[in-house]
Amino acid sequence: MHLDEYFQLTKGKKNKPCTITLKDGSTEEGTYLGETPGLEELGMVIRATGKSREKYENVGVSDPNPDFTSGDTLEIKENTISVRISAIESIEFAD
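Residues numbered from 1 in each chain as written. Predicted model: local features only at pLDDT ≥ 70, side-chain atom pairs only at ≥ 80, totals over all residues. Heavy atoms only, no water.

Student: A description of the overall build of the chain should follow, citing residues and the corresponding values.
Tutor: A tally of helices and strands in the chain yields 2 helices and 7 strands. Start at the N end of the chain and walk to the C end: the helices and strands fall as α-β-β-β-α-β-β-β-β. Burial status across the chain gives 29% buried among its 95 residues. (Helix = DSSP H or I, 4+ residues; strand = E, 2+ residues; numbered from the N terminus. Buried < 20%, exposed > 50% of the residue type's maximum accessible area, 1.4 Å probe, protein only.)

Rendered as structure tokens:
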């Protein structure tokens, strides 16, 4: 998805439930929280719900700025995930 289209779709939708369809045909459900700050490629951040929550509830995510000096740190953070905007085909918000 192009960034201008993404920002047009998400404007004013913070904390709204949504379904994201990816270019590979898979879907993710969640509550829209915002975007990833300062990473190489912008991502849409959601708190996973429904089947997505079940899929990720036991999966740790890497901290991009770990304090652990001899390796990376993995944590489970309230089922919050980031989806690359470039991988998104469409976004539907619940009204």
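Let us keep going from here.
Student: Tell me what's going on with the nonpolar core, and back it up with residues and numbers.
Tutor: Counting 14 residues, the largest nonpolar core has Tyr6, Cys18, Ile20, Met44, Ile88 and Ile91 as its most contacted members. Elements supplying a minimum of two residues to this core: strand E1 (17-22), strand E3 (43-48), strand E6 (80-84) and strand E7 (88-93). Each residue touching Tyr6, except ones within four places of it in the same chain, is listed here: Met1, Tyr32, Gly34, Glu35, Met44, Ile85 and Ile91. (Core = buried A, V, L, I, M, F, W, Y, C linked by side-chain atoms within 4.5 Å. Contact = heavy atoms within 4.5 Å.)

Student: Outline the environment of Leu42, supporting the account with residue identities and numerical values.
Tutor: Looking at the secondary structure, you find Leu42 in the loop between strand E2 (27-35) and E3. Residue classification places Leu42 among the partly exposed residues on the basis of a relative accessible area of 26%. As for Leu42 and Val83, which are separated by 41 residues in sequence, their C-alpha atoms are 8.5 Å apart.

Student: So what's going on with the pattern of salt bridges? Which residues, and what values?
Tutor: In the structure shown here, the tally under the stated rule is 2 salt bridges. Between Lys55 and Glu28 there is a salt bridge, and its shortest N-O distance comes to 3.0 Å. Residue Lys55 is located in helix H2 (residues 50-56), and its partner Glu28 is located in strand E2; the two are separated by 27 residues in the primary sequence. Of the residues examined, Lys55 reaches a relative accessible area of 44% and is grouped as partly exposed. For Arg84, the salt bridge identified is with Glu41, shortest N-O distance 3.8 Å. Placement of the pair is Arg84 in strand E6 and Glu41 in the loop between E2 and E3, with a sequence separation of 43 residues. The class of Glu41 is partly exposed, set by a relative accessible area of 32%. (Salt bridge = Lys/Arg side-chain N within 4 Å of Asp/Glu carboxyl O.)

Student: I'd like a description of the environment of Lys16, backed by residues and values.
Tutor: Tracing the backbone shows Lys16 in the loop between helix H1 (3-10) and E1. For Lys16, a relative accessible area of 37% translates into the label partly exposed. Along the sequence, Lys16 and Tyr32 sit 16 residues apart, while their C-alpha atoms lie 5.7 Å from each other. Among all residues touching Lys16, those that are not within four sequence positions of it are Gly30, Thr31, Tyr32 and Phe93.

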